[in-house]
Amino acid sequence: VGASAQDVVLDVPQEKEKTRSWALSLGLGIGANGALYMGDSATVLPFPYVEFDSKYLFWSVFHGGVHLYQTENFKLDFVAHYLSNQMDASENDYASMKRLDDRKATLGVGLAIEYISPVGIIQADFKADVLGTTGGFTASAIYYLPYMLGEKTLLLGGVGVEYNSADYNDYYFGISGKESAASGLAAYEAGQSFNVYFEAGVIHNFTEKISLTVMAQYSLLPGGRKDSRMVVWSSDWKMISGLWYSF
């Protein structure tokens, strides 16, 4: 399968009760993503929705970390993030793709910042693969424009840019000489890349405790990825929805 849709989850600032320094939300989420690799199919997966935030520690679905520094409008975090790109070659529909090596998910660790300004939200992060799966790293930055629709609904629109190192791209989209000989696909080095992506979503509070979120992400694949014989599309999409209860 391709990248998992939980990566689209946003760290939208949540209101905490003034009488305590932590917040906990539990619920159920459903994620969907398009087929990134040739011979893959779109995927829909349920997952437990867990969010926790406190003065020092936080966890949001599949990433967490430590608040290193924060003010009312700015925060600097140490983060550990599940990087979910993966492919099980044995389950692919194409015989040539079945002869490739599997691509595995990994763990990215690094730093993230968020700045809340009067005209929007800016987020940026840097994550390096600490498991040695790819030997590479990723970085991204995005600007969100929030808009309150009434008192219970928050609309979000965002545009961002992502960088992936050559080692990272070569692992997921490159084809080695050995794989080329086994599969018949041309050997390929993906190299480093920049790509633009867009996000949109809605968060609706049914009550003070129960909320629903629906988010979507659309990415334009850079040449280094879409030119790979492993890939048939020039774009990628992900969606996620979650219904949760805040304690």
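Scroll up to find the structure.
Worth saying up front: this structure is predicted, and the values here are computed from it rather than measured.

About the criteria used
Residues numbered from 1 in each chain as written. Predicted model: local features only at pLDDT ≥ 70, side-chain atom pairs only at ≥ 80, totals over all residues. Heavy atoms only, no water. Core = buried A, V, L, I, M, F, W, Y, C linked by side-chain atoms within 4.5 Å. Buried < 20%, exposed > 50% of the residue type's maximum accessible area, 1.4 Å probe, protein only. Helix = DSSP H or I, 4+ residues; strand = E, 2+ residues; numbered from the N terminus. Contact = heavy atoms within 4.5 Å. Phe/Tyr/Trp six-rings, centres within 6.5 Å; stacked < 30°, edge-to-face > 60°. Pairing = 2+ DSSP bridges. Polar contact = N/O pair within 3.5 Å; in protein donor to acceptor, adjacent residues only side chain to side chain.

(A) Looking closely at the nonpolar core. Residues Y37, M87, M97, L100, Y172, F173 and M230 are the most contacted members of the largest nonpolar core, which totals 18 residues. Sort the elements by how many residues they give to this core and helix α2 (residues 166-173) lands first, with four residues. With residues near it in sequence (within four places) discarded, M230 still touches L36, Y37, M38, M87, M97, L100, R103, Y172, F173, G174 and I175.

(B) Region of the structure containing the packing of aromatic side chains. Summed over the entire model, instances satisfying the criterion amount to eleven aromatic pairs. Between Y49 and W244 the ring centres are 5.0 Å apart and the planes differ by 5°, which places this aromatic pair in the stacked class. Pair noted here: Y49 is in strand β2 (residues 43-53) and W244 is in strand β12 (residues 235-246), with a separation of 195 residues, a long-range link. Residue Y49 is classed as buried on the basis of its relative accessible area, which comes to 6%. On the numbers, 5.3 Å between centres and 40° between planes, the contact of F126 with F137 is tilted. Of this pair, F126 sits in strand β7 (residues 120-129) while F137 sits in strand β8 (residues 137-149), and the two are eleven residues apart along the sequence. A relative accessible area of 31% means that F137 is categorised as partly exposed. Taken together, F126, F137, Y163 and F194 form an aromatic cluster joined through their ring pairs.

(C) Broad picture of the pairing of β8. For β7 and β8, the ladder comprises eight bridges, and the chain directions are antiparallel. Its bridge partner being in β8, I121 is matched across the sheet by Y144. The sheet contact formed by β8 and strand β9 (residues 153-164) spans twelve bridges and is antiparallel. Within β9, the position partnered with M148 by the bridge is L154. Two successive antiparallel strands, β8 and β9, enclose a turn made up of three residues, where G150 displays a positive phi of approximately 75°.

(D) Looking closely at the environment of Y49. With 102 residues separating them along the chain, Y49 and E151 place their C-alpha atoms 24 Å apart. Apart from the residues within four sequence positions on either side, Y49 is in contact with S25, L26, G27, L28, G29, V61, G242 and W244. For Y49, the side chain forms a polar contact with the side chain of E51, separated by 2.6 Å.

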